[in-house]
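Analysis of the macromolecular model
Listed below are the residues making up each chain.
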Amino acid sequence: MKWWRDARVRGIIWQVVLFLAVVWFGWSIYDNTITNLESRGITTGFRFLNEEAGFAILQTLIPFDESYTFGRTFLVGLLNTLLVSFIGVICATLLGFLVGIARLSSNWLVQKLASVYIEIFRNIPLLLQIFFWYFAVLQALPGPRQSMSLGEVFFLNVRGLYLPSIIQNPGFGWVWIALAVGLVAGYFYKRHANKVQNDTGKQLPGVRVWIAAALGLPAIALVMTGMPFDWEIAKLQGFNFQGGITIIPELGALALALTVYTATYIAEIVRSGIQAVDKGQTEAASALGLHNWQILRLVVIPQAMRVIIPPLSSQYMNLIKNSSLATAIGYPDLVSVFAGTTLNQTGQAVEIIFMTMGVYLTTSLIVSVLMNMYNRKVALVER
Amino acid sequence: MSRKPPVGNRGAVLWLRENLFSSVGNSVLTIVVASLLLWFLPPILDWAFFSADWFGTSREDCTSDGACWVFVTSRLDQFIYGFYPEGERWRVNLMFAISIVLLIGALYEKTPFRHLFALTFLAIFPFIGFFLLSGGVEGVPLLDDLPAVDTHLWGGLMLTLILASVGIVAALPLGILLALGRRSEMPLIRTFSVMMIEIWRGVPLITVLFMASVMFPLFVSSEVEMDKLLRALIGITFFQSAYIAEVVRGGLQAIPKGQYEAAQALGLGYWRMMALVIMPQALKLVIPGIVNTVNELFKDTSLVLIIGLFDLLAIVQAALNDPKWLGYATEGYLFAAFVFWIFCYGMSLYSRNLERKLDHEMRS
């Protein structure tokens, strides 16, 4: 056999060729970039992160004003991305499970309504939905002086949703401690209850005790320390509301659109997961005398979770990535403040784009690791 | 003698009883949901259809208190063609016509030479379309006579369709190569493919588009002028090829090992084995998956508005900011949503239909 017909030799040649091509490609890009940056007078490196930013941001979870650095804008944007992603994941999961189960309802009307919802909202671009909620719905709300209000405590107007906030007075720390103690104690009690059930078959009220401990202990602490907190209710002062917690319309529109859009996918995942559970399981559970709700909660959903978890985790990743559409309506997420404003101010496109992409890659990785851990817990254990 | 079934066990009554009023809880649910629907559906229908204004030229033509579709109908041309010069729009229409003929030929099952239609659409049509739309190619008969139309004038639904179809046509071969690379036994090629796929899939399309619009010009030597549309298309293609690669990988994994062994036993080399035996089977399996990817891409094309291209959504958005037409956001967005919805729902019906057929074929 001629040497060039040998699969191994050819494999090595192919790889060397690819390697050289990638190296050449990478080097030429690097060379061009350096030349171009020099000719435009842009410095490279990450020193810009320590420079003063000089612009304000609409909403920040940590203190921020013009005198903070570009490094801080990165952090502010990252936290805002995480905030909207977190809200989105929680709400989309709840709505998705609800609609997914409704899709299998024996009630014709409910089932059709769920299908119509899914078919409408999954086939319209997310960006369009964000625009719709932001420009057509939330911008049509009345101005601050004509705010809609619920019991003069919650206010809704074109500037946002105003909720009362809690001001913690000295002594409130005990409530947090009580909450932590309650959660930990509940956890150990649940473990004990599971062990008792495994050993003897006797069912102790596990989850209920946990909830009681987590809510009851802080309540007791509140009473014993003499209610050391005040409500701060938003008040109309001049042209705007002051005080309380403000949910800006940008956040509201983005979270709403992410929830409504992603929930359609989650609903379909939940439906196919439930349908994947053998019908005999439902029949057997029903023969044991379980109610419909118990069958769903104790028999069907735990088994469906095995099918649901992997695609669900990719929906979570999609939601986090899609939160970057924030930039279109000006919610100050990572892409908007860092890859947008900061990039325009410093011109350091290469560093900023790579840092932004790096954040999303890392987040995807973390979500997939966490979901895989959970998946391993629910996966079928076979010999 | 057979007895007739009781009245309650027949027709509409039975259907109602089984589907809406099977238990107390169900009946309550039905009544609540039905009254909610009766409460908010009629006003919406009234607004959108019965007391809406449809035709005219300015907002003065909107006299009733319903929807003002005049906003949409008076700008329909712009929504479809963007800023493409009016005298040249027949070129766009011709391109639409060709693509519809080719697509129907490729998708309808009883067409003779069906594969030829598909191949033409995937391999030849993009070039025809591009030269037809941009025109002004010197030295080529026919094209020489067409006035050149710069890509920054392309917009509207036409641009949306171009982005989606070019994105998919270019991403398909790249995606197939990446999928093969990911399953290759050569470690360097495998690692490279895995990295390409995971990186593109791990970042949002917006950052890819940002990269295309601000970084690509830095990557190439300064003499090369890169068109904005071209840059966006390159970004979309790479992004899309990673998703295609994963879909194709699924198909490759579904082909039994015996097929590979049989092909090797026939003395076929790697490329001929893939091209003649494995790929035709794998691709057939993943067509529904590819259609779903196209569906996602079609919706995602709307993101190009962030880097300043005027696709359908961007042009509607721009029209909404026209001082003469302020306040018709709902109508504008509903129209854009309706157009996107028609395309995407059509695609998802087609893909479901294919899945059912495939399922049937696999079983028989």
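Reading the values: the criteria
Residues numbered from 1 in each chain as written. Chains lettered and ligands numbered in written order. Predicted model: local features only at pLDDT ≥ 70, side-chain atom pairs only at ≥ 80, totals over all residues. Heavy atoms only, no water. UniProt positions renumbered as here; feature names shortened; annotations may be inferred. Domains from an automatic or database assignment. Helix = DSSP H or I, 4+ residues; strand = E, 2+ residues; numbered from the N terminus. Disulfide = S-S within 2.5 Å. Buried < 20%, exposed > 50% of the residue type's maximum accessible area, 1.4 Å probe, protein only. Phe/Tyr/Trp six-rings, centres within 6.5 Å; stacked < 30°, edge-to-face > 60°. Lys NZ or Arg CZ within 6 Å of the ring centre and 35° of its normal. Contact = heavy atoms within 4.5 Å. Buried area = accessible area lost by both parts, 1.4 Å probe. Salt bridge = Lys/Arg side-chain N within 4 Å of Asp/Glu carboxyl O. Polar contact = N/O pair within 3.5 Å; in protein donor to acceptor, adjacent residues only side chain to side chain.

Per an unreviewed UniProt entry, chain B carries the name Amino acid ABC transporter permease and comes from Pelagibaculum spongiae. Under Sequence similarities (unreviewed entry), UniProt gives the following word-for-word description of chain B: "Belongs to the binding-protein-dependent transport system permease family. HisMQ subfamily."

Chain A appears in an unreviewed UniProt entry as Amino acid ABC transporter permease from Pelagibaculum spongiae.

The next thing to look at is the domain arrangement of chain A. Buried accessible area, meaning the area lost when the parts come together, often serves as the stated size of an interface. Each domain of chain A was delimited in the assignment, giving domain 1 (3-41) and domain 2 (70-124 + 249-378). A C-alpha centroid distance of 39 Å is found between domain 1 of chain A and domain 2 of chain A.

All names here are of chain B. Following the UniProt record, one finds the feature "transmembrane region" (unreviewed entry) at residues 20-41, 90-108, 115-133, 153-181, 202-220, 270-291, 303-320 and 332-350. The annotated region residues 115-133 carries 100% helix and 0% strand content, and the separation between its end C-alpha atoms amounts to 26 Å. From the first C-alpha to the last, residues 202-220 spans 25 Å; its make-up is 84% helix and 0% strand.

To continue, consider the state of the cysteines. All names here are of chain B. All told, the structure shown has one disulfide over all chains when counted by the stated rule. One disulfide in the model links Cys62 with Cys68; its S-S distance is 1.7 Å. The sign of the 60 degrees torsion about the S-S bond sets the Cys62-Cys68 disulfide as right-handed. For Cys62, a relative accessible area of 17% translates into the label buried.

Attention now goes to the packing of aromatic side chains. The relative placement of two aromatic rings is captured by the distance of their centres and the angle of their planes. Summed over the entire model, instances satisfying the criterion amount to 35 aromatic pairs over all chains. Between Phe216 of chain B and Phe219 of chain B, the aromatic rings sit 6.1 Å apart at their centres with planes inclined by 40 degrees, giving tilted as the arrangement. Taken together, the residues span about one helical turn, with Phe216 of chain B and Phe219 of chain B both in helix H9 (residues 205-219) at a distance of three residues. Phe216 of chain B sits in the buried class, given a relative accessible area of 9%. Members of the aromatic cluster, connected to one another through ring pairs, are Phe48, Phe55, Phe64, Tyr68 and Phe70 of chain A. Sitting over the face of the ring of Tyr265 of chain A, Arg122 of chain A holds its NZ or CZ atom 4.4 Å from the ring centroid. The ring of Tyr243 of chain B is capped by Arg201 of chain B, whose NZ or CZ atom sits 5.8 Å from the centre of that ring.

Below, the discussion takes up the interface of chain B and chain A. Taken residue by residue, the interface counts 58 residues in chain B and 50 residues in chain A. Buried area between chain B and chain A, summed over both chains or domains, comes out near 4,500 Å², and the portion from carbon and sulfur atoms is 73%. Here Arg352 of chain B makes a salt bridge to Glu119 of chain A, at a shortest N to O gap of 3.0 Å. Run the count over chain B and chain A and you get 17 residue pairs in polar contact (both at pLDDT 80 or more). Secondary structure elements with two or more residues in the side of chain B that touches chain A: helix H1 (11-19), helix H2 (24-50), helix H8 (187-202), H9, helix H12 (270-300), helix H13 (312-320) and helix H14 (329-363) of chain B.

For the rest of this paragraph, the subject is the UniProt feature "transmembrane region" (unreviewed entry) in chain A. All names here are of chain A. What UniProt calls "transmembrane region" (unreviewed entry) maps, in this numbering, to residues 12-30, 74-99, 120-141, 171-189, 209-229 and 352-374. Taken end to end, residues 12-30 comprises 100% helix and 0% strand; its first and last C-alpha atoms sit 27 Å apart. Taken as a whole, residues 171-189 contains 89% helix and 0% strand, while its terminal C-alpha atoms sit 28 Å from one another.

What follows deals with the environment of Ile236 of chain B. Residues and elements named next belong to chain B. Positionally, Ile236 belongs in helix H10 (residues 228-253). In this structure Ile236 comes out as buried when scored by relative accessible area, which is 1%. Spatially, the C-alpha atom of Ile236 lies 22 Å from that of Leu283, the residues being 47 residues apart in sequence. Other than its neighbours up to four places away in sequence, Ile236 contacts Leu163, Gly167, Leu209, Leu297 and Val304.

Another aspect to go through is the environment of Phe335 of chain B. All names here are of chain B. Topologically, Phe335 is positioned in helix H14. Its relative accessible area of 15% is what places Phe335 among the buried residues. Excluding anything up to four places from it in sequence, Phe335 contacts Val72, Leu76, Phe79 and Leu312.

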